[in-house]
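Residue-level structural notes
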Amino acid sequence: MEIYEKTEFGELLTRLIREKKMTQSFFFQKVGIGKAYFYDILAERISPSLEVQFKMLSILQPQKEDELKFFDLIAKAKNDLPADIFKYLIGNEEKYKIIREMMDKEQSL
């Protein structure tokens, strides 16, 4: 019996867990989160922290396409940057400068 509303992210995550031949219970215990928190993530009622996102992916080791979709769907749900991009940019002022230059170019068009 499912106890969460199906979401695109929830379907992706459950598929990735099945592909690894794990139960959801085994997976969320391995990630180190509780059942209620796990089902809230599946239903997109809450977004997992960066640490939890990377832990999930380290366990699941999905194909690159699914990894990117994983990050993008979480970011979309919380109207934020995908965690992989955030991790790449954080604290790198040179990349901020490049992005701002790109933004300035687009605004001047």
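Now for a quick tour of the structure. From a predicted model like this one, the values you see are computed outputs, not experimental measurements. (Residues numbered from 1 in each chain as written. Predicted model: local features only at pLDDT ≥ 70, side-chain atom pairs only at ≥ 80, totals over all residues. Heavy atoms only, no water.)

What follows covers the environment of Y37. By the secondary structure assignment, Y37 is in helix α3 (residues 35-42). For the pair Y37 and E8, spaced 29 residues apart in the sequence, the C-alpha separation amounts to 17 Å. Discounting residues that sit within four places of it in the chain, Y37 has contacts with I46, S47, P48, S49 and V52. (Helix = DSSP H or I, 4+ residues; strand = E, 2+ residues; numbered from the N terminus. Contact = heavy atoms within 4.5 Å.)

Attention now goes to empty space enclosed by the protein. Enumeration according to the criterion identifies one cavity of 30 Å³ or more in this entry. By volume, the largest cavity is sized at about 40 Å³. Around the largest cavity sit F9, I41, E44, I46, S47, P48, I74 and A77, which together line it. Its residues assigned to classes, the lining of the largest cavity comprises six nonpolar, one polar and one charged. (1 Å grid on protein atoms, 1.4 Å probe; cavity = no way out; pocket = protein on both sides within 12 Å on 5 of 7 lines; lining within 4 Å. Points joined across faces, edges and corners; volume = space filled by probe spheres on them. Nonpolar A, V, L, I, M, F, W, Y, C, P; charged D, E, K, R; others polar.)

Residues lying three or four places apart along an α-helix face the same way, a consequence of the helix completing one turn every 3.6 residues. For helix α1 (residues 8-19), spanning twelve residues, the distance from its first C-alpha to its last is 17 Å, which sits close to the expected 16 Å at 1.5 Å a residue. Turning to α1, its buried residues are F9, G10, L12, L13, T14, L16 and I17. On the buried face of α1, the contacting elements are α2 (24-31), α3, α4 (50-60) and α5 (64-78). Immediately beyond the C-terminal end of α1, within one or two residues, lies K21, with a positive phi of roughly 60°. (Expected span 1.5 Å × (residues − 1). Buried < 20%, exposed > 50% of the residue type's maximum accessible area, 1.4 Å probe, protein only.)

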